[in-house]
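So the chains spell out like this:
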Amino acid sequence: MCGIVGYIGKKEAYPILIKGLKRLEYRGYDSSGVAIISDNQQLNVYKSKGKVSELESFVTQKDISGSIGIAHTRWATHGEPCSENAHPHYSSSESLALIHNGIIENYATLKEKLQTKGYTFRSSTDTEVLVQLIEYIKLTNNLDLLTAVQLALGEVIGAYAIAIIEKNNPDQIIAARKSSPLVVGIGEEEFFLASDATPIVEYTDKVVYLEDEEIAVIRRGKELKVVNLNNVEMTPEVKQVTLSLGQLEKGGYPHFMLKEIMDQPNSIYDCMRGRVNVESDNVVLSAVIDHKERLLAAKRFIIVACGTSWHAGLIGKQLIESFCRIPVEVEYASEFRYRDPVIHEGDVVLAISQSGETADTLAAVELARSRGAFIYGICNAIGSSIPRATHTGSYIHVGPEIGVASTKAFTGQVTVLTMLALTLAKEKQTIDHERFLEVMKELSAIPEKMKEILTLNDKIAELAKIFTYAHNFIYLGRGYSFPVALEGALKLKEISYIHAEGYPAAEMKHGPIALIDAEMPVVVIATQSHLYEKVLSNIQEIKARKGRVIALVTKGDKTISQLADISIELPSTLECLDPLLTTIPLQLLAYHIATCKGMDVDQPRNLAKSVTVE
Ligand code: G6P
C-alpha cells in the first residue's frame, strides 16, 4: 500500500528519498514519484509508472538538487496506475506538492465545489483534490500553509497520511495523519518522515509516531512541533526503535520471502524468549497475567483479523477452546466492522495483525472497544496503530517481515496464540499439569524441528518444477490442519497466480471432488492426528478419481506414503502444534513454484503488505 518518505536537513534529499522508497517497496505499489525544492528554489515533481528504478531512469538529466523533499510509492485506489495519477500532486499554481496515503471519501463533493471555483484537475485521484483544496483555502483567506492544512483536513472525510511542501518555503514540511500511519525520525539537524520506521532506521533510532489528527510541523534547524487540527500544541513522545539495518536486508538470500521462511527457527525462538521457560516449567505471557481477571471473566473471545492473520486466528480458536474451554469466534475484520455485531461488556477481542496497520482490523478494534469489549492485540510491527488502539497485547517479536506473502509472522502468531492459551488455561485451571508440561516442552522443541524441515528445501525445489504449469491446486486438511490448508493455498495463489483452494478434507465430497481428475494436484496434510484414518479415506477418494496427491506425512508413515504420488516426511509433534511444522513445506512449495514461473515473489502483482485502506 502507498508509502511516504520525506527529508529535510543538510544533505541532498534525493538519494535519501529514493533509498527510502526502496525500503518501502515491500508494501506493494504500482508507481512512484518525488518532489524536491531545488537549490534555485524550484519545486520539481518527477513521477513514473512502475518500479522505483523506472523513476530513477526518468530523472537522469533532471535537476534533483535540494535538501528538502517528499516521495511516494502509490498503490492505485482512485484512477489507474499511471504517471498522471502518481504522487506527488501539484496544486494548480504548482507552488504546493502533496503526497497521500489513504482515501478521501468525500473527494467527489470537494472536487465539484472546487470545479465551480474554476479549478481543473490533471489526474483522477482524490489526492489532487486535497492539494487543490489546501491551495484554495490558503489563497482565498491569505493563510499560512499550516492553517490552510488544518482547515482543509477539517473538511475531509476519510483516512490520510499526508506530507506537503511549498515552493516559497524550503525550510518546512507539513505532515498529518488520520487512520494511516506516519512516523517522524529525528536526526542531528535533520528530520525524516515515513510510513513506517524502515526507511528511517539507518539514520536515527529516535522516532515520533503521529497520532490521529495530529500535524507535524517539521522545520529546518528547529524542534519538531506537533499540533492538532485546532492548533493545540501536543507533546510528541520520542520513542526508540530497535530495528537494525541487517534485519531489513536480504542477507544473501535471493528473496526476502525465502530469508523469512528460513528464519523461522530463529524467529520462533525469539518469539518464545523469556516466555516459555522449560527450567521452571512455565509459560508466561505478561499481558495475560496482568489482565487475568478480565480475561478469566470472559464468556467469549472474538478474533478479528484479515488474510494470513485470519488463518492464524482459526488455529487460535482451536487452541483456546481446547485448553481454556472458552468459546471463540473468528471473524474477518472487514465483515465484523460493518455487521452491527453483538458485543457484550465482558467479551475479549483478539486482534491479530502482522503490520498492526490493517485498516479493517483497526476499525474492528475501534468498534469493539467503543462497545465495551476488552481488546488484546497480537501484532508484529512495534508501535504500529493496532497495538496503540488496544488495551493490552503481546508482540510476536519475529522481526520485520518484508516479503508481501506472510510466512514467519504466521508461525509467530500461532506461537503467541499457543502461549496465550497455555498461560490462560493454567490460570483458569482448565488444563492438567501433565498436559501443560507436555505442550510446553514440545513447543520449546519446535525451532529444532523447523530446522529439520528446512533441510527439505532442495527436495521441495525439485518437486516444484513438476507443478510449475498447473492451473489449479487443492489443499486439504482437517482439524488443526484445515487452516494450514487455507494458508498453503493462499501462499500459492498470492505469489504464483495459480488458482488454489483450501478445503476441510471431509467437505471435499460436497463440491470440490467434482474438480478432481488426473490433472489436479491435491496437497493433503496427512500427519498423525486423531483424524488420521479419516484423512486416509479422503486420500483414497482422491486417488479413486486419479487426482495427484502430494501428502505431508509424519516421518515413518508407510500407509499414506504408499498411496500418495509424492510424500513429504515431517518430524512428529503434538497435534495442536502441527501447524507450526506443516506450514513450512507449503511455504517452500509456493515459493519454489513461483520462482520457477519467474514471478516477483517479494512484490506480487496487485498485493500490498500493509493494507491501510479498506
Ligand atoms: C495483506 C497481506 C497479507 C496479510 C494481510 C493482513 O493482504 O498481503 O500477507 O495477511 O494483509 O495483514 P496484517 O498486517 O493485518 O496481518
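Criteria and cut-off values
- Residues numbered from 1 in each chain as written.
- Predicted model: local features only at pLDDT ≥ 70, side-chain atom pairs only at ≥ 80, totals over all residues.
- Heavy atoms only, no water.
- Helix = DSSP H or I, 4+ residues; strand = E, 2+ residues; numbered from the N terminus.
- Rg over C-alpha atoms; globule rule 2.2 N^0.38 Å.
- Buried < 20%, exposed > 50% of the residue type's maximum accessible area, 1.4 Å probe, protein only.
- Contact = heavy atoms within 4.5 Å.
- Areas by Shrake-Rupley, 256 points an atom, 1.4 Å probe, with all protein chains shown as cover.
- Lys, Arg positive; Asp, Glu negative; His and termini not counted.
- Charge placed at Lys NZ, Arg CZ, Asp CG, Glu CD.
- Domains from an automatic or database assignment.
- 1 Å grid on protein atoms, 1.4 Å probe; cavity = no way out; pocket = protein on both sides within 12 Å on 5 of 7 lines; lining within 4 Å.
- Points joined across faces, edges and corners; volume = space filled by probe spheres on them.
- Nonpolar A, V, L, I, M, F, W, Y, C, P; charged D, E, K, R; others polar.
- Near = heavy atom within 4 Å.
- Polar contact = N/O pair within 3.5 Å; in protein donor to acceptor, adjacent residues only side chain to side chain.
- Sits in = over half its atoms within 2 Å of the grid points.
- Core = buried A, V, L, I, M, F, W, Y, C linked by side-chain atoms within 4.5 Å.
- Pairing = 2+ DSSP bridges.
- Axes fitted to C-alpha atoms, helices over the stretch in contact; angles between N-to-C directions.
- Salt bridge = Lys/Arg side-chain N within 4 Å of Asp/Glu carboxyl O.
- Phe/Tyr/Trp six-rings, centres within 6.5 Å; stacked < 30°, edge-to-face > 60°.
- Lys NZ or Arg CZ within 6 Å of the ring centre and 35° of its normal.

1. Here's the deal with the overall build of the protein chain
(1) Moving on: For the protein chain, the helix and strand inventory stands at 20 helices and 27 strands.
(2) Moving on: A compact globule built from 614 residues would reach a C-alpha radius of gyration of about 25 Å, and the protein chain, at 26 Å, matches this within 12%.
(3) Moving on: Structurally, the protein chain occupies a C-alpha span of about 80 × 55 × 45 Å along its principal axes.
(4) Moving on: Counting the 614 residues in the protein chain, one finds 62% classified as buried.
(5) Moving on: If you take every contact in the protein chain between residues at least 6 apart in sequence, the share linking residues at least 24 apart comes to 71%.
(6) Moving on: In the form shown here, the protein chain has an accessible surface area of approximately 23,200 Å², with 49% of it arising from carbon and sulfur atoms.
(7) Moving on: Of the charged side chains in the protein chain, 63 are positive and 76 negative; the average position of the first set lies 2 Å away from that of the second.

2. Some remarks on the domain arrangement of the protein chain
(1) Moving on: In terms of domain boundaries, the protein chain breaks down into domain 1 (2–246), domain 2 (250–453) and domain 3 (455–599).
(2) Moving on: For domain 1 versus domain 3, the distance between C-alpha centres works out to 45 Å.

3. Brief notes about the layout of surface pockets
(1) Moving on: One number sums up the size of the largest pocket: a volume of about 670 Å³.
(2) Moving on: Forming the boundary of the largest pocket are 33 residues, of which Y209, L243, N380, A381 and I382 lie nearest the centre.
(3) Moving on: Mapped by element, the contributors of at least two residues to the lining of the largest pocket are β15 (239–240) and α13 (385–389).
(4) Moving on: Broken down by class, the residue content of the lining of the largest pocket amounts to 13 nonpolar, 13 polar and seven charged.
(5) Moving on: Each of domain 1 (2–246) and domain 2 (250–453) gives at least three residues to the lining of the largest pocket.
(6) Moving on: Looking at the second largest pocket, its volume works out to about 490 Å³.
(7) Moving on: In this structure, the second largest pocket is lined by 24 residues; those nearest its centre are C306, G307, A608, K609 and V611.

4. Section: the site of the ligand
(1) Moving on: Neighbouring residues of the ligand: 13 residues in total, closest S309, S353, Q354, S355 and T358.
(2) Moving on: A distance of 2.9 Å separates an oxygen atom of the ligand from a polar backbone atom of T308.
(3) Moving on: For the ligand, an oxygen atom lies 3.3 Å from a polar atom in the backbone of V404.
(4) Moving on: Within the complex, 91% of the 390 Å² of free accessible area of the ligand lies under protein.
(5) Moving on: In a pocket analysis with a 2 Å cut-off to the grid points, the ligand is assigned to the second largest pocket.
(6) Moving on: For the shell around the ligand, the element with the most residues is helix α10 (residues 307–324), which contributes three residues.

5. Details of the nonpolar core
(1) Moving on: Core analysis: the largest hydrophobic core is formed by 96 residues, its most contacted members being F301, F323, F473 and Y475.
(2) Moving on: A total of 11 residues in this core trace back to one element, the largest contributor, which is helix α14 (residues 408–428).
(3) Moving on: Here this core spans two domains, since at least three of its residues come from each of domain 2 (250–453) and domain 3 (455–599).
(4) Moving on: Those residues in contact with F323, other than ones at most four positions away along the chain, are A421, L422, A425, T430, I431, R435, V439 and C576.

6. Focus on the sheet that holds strand β24 (residues 499–504)
(1) Moving on: Judged by pairing direction, the sheet is parallel, and its five strands sit side by side in the order β24-β23-β25-β26-β27 without closing on themselves. Two strands in the sheet have a free side with no partner beyond their single neighbour: β24 and β27 (566–570). Looking at each pair of strands side by side, their axes are set apart by 20° on average, direction ignored.
(2) Moving on: Note that strand β26 (residues 548–554) and β27 share five bridges and pair parallel. Residue pairing in the sheet places I550 in a bridge with I566 of β27.
(3) Moving on: Helix α16 (residues 457–466) rests against β26 and β27 of the sheet, and its axis sits at about 155° to β27.

7. Comments concerning the pattern of salt bridges
Pairs can form between side chains of opposite charge once their charged atoms are near each other.
(1) Moving on: The full count for this structure, using the stated rule, is 34 salt bridges.
(2) Moving on: Notably, a salt bridge pairs D600 with K51, separated by 3.4 Å at the nearest N-O pair. Taken together, the positions of D600 in the segment after α20 (578–596) and K51 in the loop between β3 (43–49) and α2 (52–59) put the pair 549 residues apart, joining distant regions of the chain.
(3) Moving on: With a shortest N-O distance of 3.1 Å, E329 and R300 are connected by a salt bridge. Of this pair, E329 sits in strand β19 (residues 328–332) while R300 sits in the loop between α9 (292–297) and β18 (301–305), placing them 29 residues apart in sequence.
(4) Moving on: On the basis of relative accessibility, which here comes to 31%, the residue E329 falls in the partly exposed class.
(5) Moving on: Residue classification places R300 among the buried residues on the basis of a relative accessible area of 13%.
(6) Moving on: One network of salt bridges, with partners in common, ties together K19, R23, E202 and E249.

8. Side note on the sheet that holds β18
(1) Moving on: What the five strands build is an open sheet, ordered β19-β18-β20-β21-β22; its pairing is parallel. Taken across any chain shown, the strands that pair with only one partner, and hence form the sheet edges, are β19 and β22 (392–395). Strand-to-strand twist across the sheet, computed as the mean angle between neighbouring axes with direction ignored, equals 20°.
(2) Moving on: The strands that α14 touches are β18, β20 (348–353), β21 (374–379) and β22; relative to β20, the one it contacts most, it runs at about 155°.

9. Quick look at the packing of aromatic side chains
(1) Moving on: According to the stated counting rule, one finds six aromatic pairs in the structure shown.
(2) Moving on: Ring geometry for Y7 versus F192: centroids 5.3 Å apart, planes at 50°, classification tilted. Taken together, the residues span a long stretch of sequence, with Y7 in strand β1 (residues 3–8) and F192 in strand β10 (residues 191–194) at a distance of 185 residues. Comparing Y7 with F192 shows no difference in burial state: the two are buried.
(3) Moving on: Ring geometry for F473 against Y475: centres 5.8 Å apart, planes inclined by 35°, an arrangement best described as tilted.
(4) Moving on: Note on F473: relative accessible area 1%, which makes it buried.
(5) Moving on: In this structure an aromatic cluster arises from ring pairing among Y7, F192 and Y203.
(6) Moving on: Sitting over the ring of F121, K111 keeps its end group 5.1 Å from the ring centre.
(7) Moving on: The ring of Y497 is capped by R605, whose NZ or CZ atom sits 3.9 Å from the centre of that ring.

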